Structure formats: structure tokens, C-alpha cells
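Each chain is listed here by its residues.
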Amino acid sequence: MRRPPLPTFLTDLDREPGAVQTLVAASLALLAAGLAPRIFSPGLASVQSAVRERPEIEALLLVASIVTAGMLLVGGVLGDADGRKRIMQLALGGLVVTGIGGLFFADGPLFLVGRFVDVASASIVLPVALAGVATRFEGVNRATAIGLAYGAYGAATAAAPVLLTLFGPTGSRAPAFAAAAAAAIVAFAYCRRHWHDLPTAEPAQRIAVFITAVWAFGIVIITSGLIGFQGNGADRARVGLVILGIVLVAAGLSVERRRRRAGRTSLRIQRRPVATALFVGFVIAYAQTAALFQVPVYFQIVLGYEPILSVIATIPFMVALAAAGPVAGILLARFSPRTLIVGGILAVGVGSLVIAAILRPGAGYVGFAISFVLIGAGFVIATTVRTAIIFASVPRGLPATAAALNEASVALGSRAALVVVTVLVTTLALDSYATSLAGKTPGEVDAAVGAFRTLLAAINMPTYGVLVGGVEASDAAAYAAAYTDAVRTVMFSTGILTLLAAPIAWFAIGRRDPLLTVWQHQDEREAAPAAVNR
């Protein structure tokens, strides 16, 4: 029986010998980086419980997000300054060691050291792997390949928390570490044979790579400082972060300007498209994370799903996340990148609004499944296009830095949603419940609200079943109504803000057809006219 031919957008990837092997190597490396267990991730039940009980730790999690973003940029600089094959091998080796080590050390100093090495290794793998894909492919094929690579990374990051909590918040972490170790070993073995050195900046340009990382890190810090402002106690720290970020941006741009005036080698970056792409990345990451982590909680405490079932219910999101990359390749043959990036934003926003519209005790599942598909597909399609825009806005000497900038915006958006949305939902639910207690004495209101707060803090924790079992039917109905109002409000506002981001992105990208520009690095665009003139 004759096999049906593969779509042309896939067969085109194999035009250059060895290109597919590079894509497979990068995808395996990204799979290993995405599966690396994040024990202190804001998305875990234990951390979420702490955030609901003590919102003031939001500032600590914010600092952790900044450090993680900084590590990504360090990985980008390392890849651009020394992009030799051994960088990827060392980073994957670190993931192998920390994955295996996690099976034997569950806590203590060695465990903490392993977590730091794990994050540092993944922070190197991610920008270097994406840089390898971006420099190996050209034109529309670059966007398709990046989409496939991101599909592997997105599926891994979605599966990692599931593996980590497979046996409950306090159960065995062995499945997560075993999967991470296996993926890292496979990636290490494959990359050892098929990975290649990256094109790097010239020795005279390496200082320019560092300067770029400085002002880019300043932008990351400013973004972090502007997130939330939920508590008075954190305001001073966040204002300080904004000031520090402004200083870094001003210093970096000032040094760049002085180097250009002195005639020194510099790396020209188109900052407007980069800023637009970073903005889009933050928005869609915030929106998709808000839905992916809040709706399963709603399934449990309002709709009565078991914890495992609430995770299984997100499978449409994971499928869409993995499948949207190849689909983006088909769509690119018919639609402009500008249309796709805005369409992706709109899909994520509409998905959030659908969730807000159908939230109610006893709601059916079909509407949620449709929303998950919209959010997952929209996120990957928009991410594929905006990633290509970032790579097209920098010269070939900065592929890893471009990848680090790209991921830093997504990571910050996700972490912001995990923390800020949890704080908002908890606060709104407690306020709504307190309003329903009109007529009771202040002491009775405080006691009732305190009991509700204790229940919210125990979500996905072992004590939750005991606490919810002791709740009277009338209180349970009031809790469900208050929590529904809170989640509905947050998802509605998130959807509206996401939709508002679409026209901003549309006008910021501009009217010029991005298909003629964004799929090539600046160097590639400038070389073409020169060849014609000869």
C-alpha cells in the first residue's frame, strides 16, 4: 500500500543535508530542558498553597523569576561568545547528572545544589538549541522548524508538573526525575553525534554581545518590577527594580552609542520589532498560564473532579500545544506572519473569554476543551511567528541571545500569571464570600473568612480532602459561588487585556509584509541586494 506523501512544509525542511538531524537534536535537547523538574516552581501545589496563605511571598518569587531570566541571558551570551558543540554537551551533561541525582537525593544541600545546576543547565540548553535551529534553516522553513522545536519544549513543560505531582504534592518525585534523566541521556547521545558548532560573534564584537545582554536584562527587570503591585510591602522593592532596570538599559544603550561614535564594531539590533515580540510573548504566556493553572483548580473545588482527572482534562491544551507548530507551517503558505501573530493573540483571548462565560457549578466539559484548544494553538502559532521576528531583528552573531530574549519574556509572563492570578483569585474569592456574610458580627465574619482561606490554601494538598469533608452543604455552596465569581472575573479581565494586545501588535509590526523580511537575519537581507548588483 502506497504511503500518502508528506506535506511540502515538512519535506522542505530536508533540503539541506543534516538540517533535519539538527532539528531533531535541538528538539530532544529542548524536551530534556522542559522535563527538568522545577521543585520550587510557582505552579506546584505546595508553592501555590504558600501564595494563597501568604501573598507577601510574591516578592520572593519575583526575585526568583528575575534570576531565572538572568540565567537565560547568560546562556545566550555564552552561546554567542563561544558556540562550540561542547557548550551544548556540558549543559546536557548537567541535566543528566541532576536528573539521576534527584533519584537519590530528595533533600539537603546536595539536592539544592542540584536544583541550581539544573536551572543553569536548562538556561544554556534552551537558547543554544533554538539558536542552532535558527541558524541551520532559512526563510519560511526557519519558522516551521522553530515551531516544531517549540512544540517539543511546550509539551515537555506541560508534562513536567504532571510527572512531579503524579503521586500527590508530598508523594514520590521519582517519575519526574526518571523522565528528566532519560530524556537528557537520549539528547546527550544524539547531540554528541549530530550537533554542530554555532556561528558566533567575532572576537571584537563579543563586548557588544555582553552590552546587549545588559540592556536586555534591564528590560526584563523593568517588566518584573511593573508586574502586579499587589501589596504595599512590595512596592518599594518593585520601584527599586524599575529604577535598576532603567539604569541598566540607559547604561547599555549609552555604551553602544559611544562605541558607534568611536567607530568600534557593533551589532545592530532592530529594537522596535524586538520590543513588540517581547510584549506579545509576555501577554500570551500570561493568558495561557492563567487558564492552564486556574481552570484545573476550578475543576477540583467546584466541579468535583479528582486531581488526576483535572489534569487529564487539560489534554486538549497539550495536544494543541504540540500540534500547532506543524500547523503553523501550513498556515504560513496562506497567511502573512502579521496576520498569524495577531490571530494567535485573538485565539488566546477568545479562549479566556469562553472560559469566563461558561464558568458555573455543574458546567459541562466541552466548552473547556474548546477553550484549551484555542489557547494552546493560539499560543504556539503566535510564539512561532514572534520568535522568527526576534531572530530576524538581530544579526547572525546573536542567535543565542535572541533565543534567550525570546524565552525570557515567556518565562516572565508565565511566572507572573502563576503568582499574580493566584493572589487575585484568592483575594476576590475571600472578598466575595465576606460580602455574602452580611448581617453577621465582625468576629463571625473573620472566623468564617479564615476558614475559607484555610481551605483555599489546602487546595491540592493532602489536608484538602479532610477539610472539605467537614464543610457543611450551605458553606460549600457559598464557597463555590465566591470562587466562581473570582475565577470568572480574572479570566474575563485576562481575556479582554489579551484581545486589546492584538491591535497593538498589529500596528506595531507595521504594514510592510513580514514574509519579505522577518524570516531572514539582517545579514541575509542585506546580502541579497549586493548579489543582484554584481
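Everything below is about the structure shown above.
Residues numbered from 1 in each chain as written. Predicted model: local features only at pLDDT ≥ 70, side-chain atom pairs only at ≥ 80, totals over all residues. Heavy atoms only, no water.

A. Here's a closer look at the overall build of the protein. When helices and strands are tallied, the protein shows 20 helices and zero strands. Across the 534 residues in the protein, those meeting the buried criterion constitute 53%. The contacts in the protein between residues at least 6 apart in sequence include a share of 85% that link residues at least 24 apart. (Helix = DSSP H or I, 4+ residues; strand = E, 2+ residues; numbered from the N terminus. Buried < 20%, exposed > 50% of the residue type's maximum accessible area, 1.4 Å probe, protein only. Contact = heavy atoms within 4.5 Å.)

B. Structural detail: helix H15 (residues 366–392). Along its 27 residues, H15 runs 39 Å from first to last C-alpha, staying within 8% of the 39 Å computed at 1.5 Å per residue. Counting buried residues in H15 gives 22 out of 27 residues, a clear majority hidden from the surface. (Expected span 1.5 Å × (residues − 1).)

C. Structural view of the side chain of Ser352. Topologically, Ser352 is positioned in helix H14 (residues 337–358). You can call Ser352 buried: its relative accessible area is 0%.

D. Focus on the pattern of salt bridges. In total, this model carries two salt bridges according to the counting rule given. With its nearest N and O atoms 3.7 Å apart, the salt bridge here joins Arg115 to Asp118. In this pair, Arg115 and Asp118 are both assigned in helix H6 (residues 109–136), three residues apart and thus about one turn of the helix distant. Per residue, the accessibility class of Arg115 equals that of Asp118, and both read buried. In this structure, Arg488 and Asp485 form a salt bridge, with 3.1 Å as the shortest nitrogen-oxygen distance. In this pair, Arg488 and Asp485 both sit in helix H19 (residues 473–509), three residues apart, roughly one turn of the helix. (Salt bridge = Lys/Arg side-chain N within 4 Å of Asp/Glu carboxyl O.)

E. Expanded view of the environment of Ala25. Examined against the element boundaries, Ala25 turns out to sit in helix H2 (residues 19–35). Ala25 gets classed as buried once you look at its relative accessible area, which sits at 0%. The sequence separation of Ala25 and Ala129 amounts to 104 residues, and the corresponding C-alpha distance is 8.0 Å. Once residues lying within four places of it in the same chain are set aside, the contact partners of Ala25 are Tyr190, Cys191 and Trp195.

F. Layout of the packing of aromatic side chains. Tallied over the full model, the rule gives eight aromatic pairs. A ring pair is formed by Phe299 and Phe368, whose centres lie 5.0 Å apart and whose planes are at 90°; its orientation type is edge-to-face. Taken together, the positions of Phe299 in helix H11 (residues 271–301) and Phe368 in helix H15 put the pair 69 residues apart, joining distant regions of the chain. Exposure class is identical for Phe299 and Phe368. Each is buried. Judged by centre distance (5.2 Å) and plane angle (65°), the rings of Tyr433 and Phe452 are edge-to-face. Here the residue Tyr433 occupies a position in helix H16 (residues 399–435), and Phe452 occupies one in helix H17 (residues 442–457), the gap between them amounting to 19 residues. The exposure class of Phe452 is buried, given its relative accessible area of 1%. Sitting above the plane of the Phe111 ring, Arg115 keeps its charged end 5.2 Å from the centroid. (Phe/Tyr/Trp six-rings, centres within 6.5 Å; stacked < 30°, edge-to-face > 60°. Lys NZ or Arg CZ within 6 Å of the ring centre and 35° of its normal.)

G. Fine view of the nonpolar core. Met88, Leu95, Phe368 and Tyr483 are the most contacted members of the largest nonpolar core, which has 129 residues in total. For this core, the element with the most residues is H11, which contributes 17 residues. If near-sequence neighbours (up to four positions away) are discounted, Met88 is found in contact with Ala29, Val125, Val128, Ala129, Cys191 and Trp195. Formed by 13 residues, the second largest nonpolar core is a distinct cluster that contains Ala50, Ile57, Phe177 and Val423. (Core = buried A, V, L, I, M, F, W, Y, C linked by side-chain atoms within 4.5 Å.)

Honestly, that's just the spatial picture; any functional story needs more than this.
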